[in-house]
Amino acid sequence: MDSLVHLQQTHEGLCLFHSVCKDNSRKIQSLGFNVSVRQGCRIGSVKVFDEDKSCFLVLCGGNGNGLRGKESFRNKRRSLVRAISKSESLSSDGHVSNLDFKNGGSFSSGSSQYYSSRNFEEFESNNNLRRLIRNGELEEGFSLLESMFYRGDIPDIFPCTSLIRGFCRLRKTKKATRVLEIIEESGAVPDVITYNVLISGYCKLGEIDNALEILDRMSVAPDVVTYNTILRSLCDSGKLKQAMEVLDRQLQKECYPDVITYTILIEATCKEIGVGQGMKLLDEMRSKGCKPDVVTYNVLINGICKEGRLNEAIKFLDNMPSYGCQPNVITHNIVLRSMCSTGRWMDAEKLLTEMVHKGCSPSVVTFNILINFLCRKGLLGRAIDILEKMPKNGCTPNSLSYNPLLHGFCNEKRMDRAIEYLEIMVSRGCYPDIVTYNTLLTALCRDGKVNIAVEILDQLSSKGCSPVLITYNTVIDGLAKMGKTDSAITLLDEMLEKGLKPDIITYSSLLGGLCREGKIEEAIKFFHDLEGLGARPNAITYNSIMLGLCKARRTDRAIDFLDNMVAQGCKPTEATYTILIEGLAYEGLAKEALEILNKLCSRGVVKRSSAPQVLLKI
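Residues numbered from 1 in each chain as written. Predicted model: local features only at pLDDT ≥ 70, side-chain atom pairs only at ≥ 80, totals over all residues. Heavy atoms only, no water.

- As annotated in an unreviewed UniProt entry, the chain is Pentatricopeptide repeat-containing protein from Heracleum sosnowskyi.
- UniProt lists a comment for the chain under the heading Sequence similarities (unreviewed entry), and it reads "Belongs to the PPR family. P subfamily." (UniProt positions renumbered as here; feature names shortened; annotations may be inferred.)

## Here we look at the nonpolar core
Okay, step 1: Judged by nonpolar contacts, the single largest core of 152 residues is most densely connected at Ile 164, Val 179, Ile 230, Ile 301, Leu 405, Ile 545 and Met 546.
Okay, step 2: In this view, Ile 230 contacts Ile 199, Cys 203, Ile 208, Ala 211, Leu 212, Leu 215 and Val 246; residues no more than four positions away in its chain are not counted.
Okay, step 3: Ile 581, Leu 584, Ala 585 and Ala 593 belong to the second largest nonpolar core, which has 8 residues in total. (Core = buried A, V, L, I, M, F, W, Y, C linked by side-chain atoms within 4.5 Å. Buried < 20%, exposed > 50% of the residue type's maximum accessible area, 1.4 Å probe, protein only. Contact = heavy atoms within 4.5 Å.)

## So, a negative patch on the surface
Okay, step 1: Among the surface-exposed residues, Asp 556, Asp 560, Asp 563 and Glu 587 lie close enough to one another that they form a single negatively charged patch.
Okay, step 2: Since its relative accessible area comes to 32%, Glu 587 is described here as partly exposed. (Patch = residues over 30% accessible without salt bridge, like charges linked within 9 Å, V, L, I, M, F, W, Y side chains within 5 Å. Areas by Shrake-Rupley, 256 points an atom, 1.4 Å probe, with all protein chains shown as cover. Salt bridge = Lys/Arg side-chain N within 4 Å of Asp/Glu carboxyl O. Lys, Arg positive; Asp, Glu negative; His and termini not counted. Charge placed at Lys NZ, Arg CZ, Asp CG, Glu CD.)

## So, unusual backbone geometry
Okay, step 1: The phi torsion at Glu 254 lies on the positive side, around 60 degrees, for a residue other than glycine.
Okay, step 2: Inspection of the secondary structure assignment puts Glu 254 in the loop between α9 (240-252) and α10 (259-272).
Okay, step 3: Take Glu 254: its relative accessible area is 59%, and that puts it in the exposed class.
Okay, step 4: Here Arg 553, not a glycine, exhibits a phi torsion of approximately 60 degrees, which is positive.
Okay, step 5: You can see Arg 553 is positioned in the loop between α26 (539-551) and α27 (555-567). (Helix = DSSP H or I, 4+ residues; strand = E, 2+ residues; numbered from the N terminus.)

## Topic: the pattern of salt bridges
Okay, step 1: Taken as a whole and assessed by the stated rule, the structure comprises 25 salt bridges.
Okay, step 2: Asp 486 serves as the salt-bridge partner of Lys 519, at 3.5 Å between the closest nitrogen and oxygen. Taken together, the residues Lys 519 in the loop between α24 (504-516) and α25 (520-532) and Asp 486 in helix α23 (residues 485-497) connect sequence positions 33 residues apart.
Okay, step 3: Residue Lys 519 is classed as partly exposed on the basis of its relative accessible area, which comes to 26%.
Okay, step 4: Linking Lys 498 and Glu 494 is a salt bridge whose minimum nitrogen-to-oxygen distance equals 3.6 Å.
Okay, step 5: Relative accessible area serves as the criterion here: at 44%, Lys 498 is assigned to the partly exposed category.
Okay, step 6: Given a relative accessible area of 22%, Glu 494 falls into the partly exposed group.
Okay, step 7: What emerges from the salt-bridge pattern is a single network uniting Arg 232, Asp 236, Glu 267 and Lys 271.

Printed below as a string of C-alpha cells:
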C-alpha cells in the first residue's frame, strides 16, 4: 500500500524532501524515481504528484536493503502513522484522517484516490471480520485477520476482542494470545477491555502465570477489573500471599481497590488464615473510604459460621443494619444452614419466621435447607409443614424440595407415601428428575418390588427423563438378586443400544446373579467379556465367580481364579479366603479346610472372630 506525504509540509519524525514544481500547465504530473535516505536505506519507489500547485510524495512499498517484504511494509506504515499523529490527528479507529495540509482540511480528491481505495478495502475487511465473528466462524475470522495483518491493514479492536473472547471460551488461549499480538503489531492500539478478556480467559483455565505475563506487557494502564480478575484466580487457587503482592503492585500503580477487590481478599483470608484477620481487612477497607456491601458481610458471616461460632454470626446478622447494610436472603440462608448443621432446627424455623416479619422474602433455597435437614432427622411431618408454607410465601417447590421427602419415606419403607408424594409433585407441575426416580427405584428394588421398578424405568423416557448408568445399575442389581438374570441381561442390551457404557458394578451384579442361579459357565463368559472390554475386575467380581464355582463343587477351578486374581494385582479379601475354605469343606475336604483356616488366622488374613462362623459351615 502507498503512503501519501505532502512535499511542502514537514512533520517531526518524517524525512524532509524538497521539490520545486516548475510546470503547472498539466493538472497532474507523475514522476517516478527511487530515493535513498539515511545512509543508503532504500524506502522504495517514490512518485511525485503536482495538483493545483500542491506537491505530494507517494512512498510505494519496495524491497530495499534495510527493510524487506511484509515486515518492511508494516514498519513504514507504522512510522507514517506515528509521524502524522504527532502533528495532526487520527480517527477513532486508528486510520489517518483525510488531512488537507495546504488548506488545513483534507487531501484533494485526485491525489487521495489510491489512499481512499486502500482505506475502503480495509473497511470492507473489518466488516467481513465482524460478520464472521458474529456468526461464530472464529477460525475463518482468524484467517482473515492474519491476511489483513500481512497486507498491512489495521484491524478494528471490537471484533478482535470478540475473537479473543471466543477462543478463550473454547480454551484456545494460544490463538487468543496470537490475536492480541496481531493487534499490537499491526499498529492498532488495544484497549483495557481487550487485555481483560484475555486475562480472564487465562484465569478461568487456571493459567495464572500466563495471565500475569499479559499484565506485565499491557500497553495501557490496567484497571480495577484487571486486578480483580487476577486476584480472584489467585485466591481461588489458595495463593493468598501472591494475591497480596499483586494488591501492592495495584496500589503502586495508583489503581485503587474497590469493594469487589476487598471482598475477594477478605473471603480468601477467612479461609486461609481466619476471620480475625479478615476483620482487620474490613477495618482497612473502611479506613480507605471503601464501603462494604452485603456480599462483603455475607463472606464474613459465612467464615464465622464455618469456625463454629454460630452465636457470633447471629449477633453479626442482627447488627448489620447498624453498619448501614441490610441483610439479604443469602445472609439468612448462611445462618439458617449453620443452625441446621448444628441441630438447632427450632432456631432455624424461628429465623424463617423473623425473615418474613422483616420483609426479607425467603427463597426456594431457604425452604429447601430446612426440608432437607428435617427429612434427614426423620421429622417428615415438620418437613411437610415447611413444604406447604412455600406457596404462601411466593415460592414454588422444585424437585429438590420433594426429593428429601421421597427419600425419607423410602428409608422408612413407606413406599405408598413415597408414590403419593410423587403424584402430588407431578400434579403441582413439578416434574421429577433422575435423582427422584433413582431414589424410588433403589427403594423398590431393595423391597423386592423389581417388577414395579422395571415399569417405572420403561416409562422414564416418555416422561422426558433419560435414565443414566446408575439408574440401570440399580434395576439390574435388583433383578439379579431376585433371580431374574434374563431380564437383567435384556436391560444390559438396552443400555448398550442407548450408548450407555456398563461399568464394573453392572457386570458384578450380573455375575453375582448368574452364579447364584448356578449359571456358572455363563458367568465365566461374562467375566472374560469384561476383561475384553478393558474393565478391571475387582474383588467382588472374583468372589462372585469363586462362590459360584465352589457351589458347583469346582473348588479347584476357584483356586485357579484366586491365582489369576493375585497375578492381576487384585488383592484378595477375607471373604475370598472364607469362600474357598467353605468350598473345600463342601467337597468333603473338611480336614484340609480346617488346616487352611488355622494358617490364615495365624497370619491375620482371616480374623479369629470370623473363624467360629466359618467352622459352623465346615
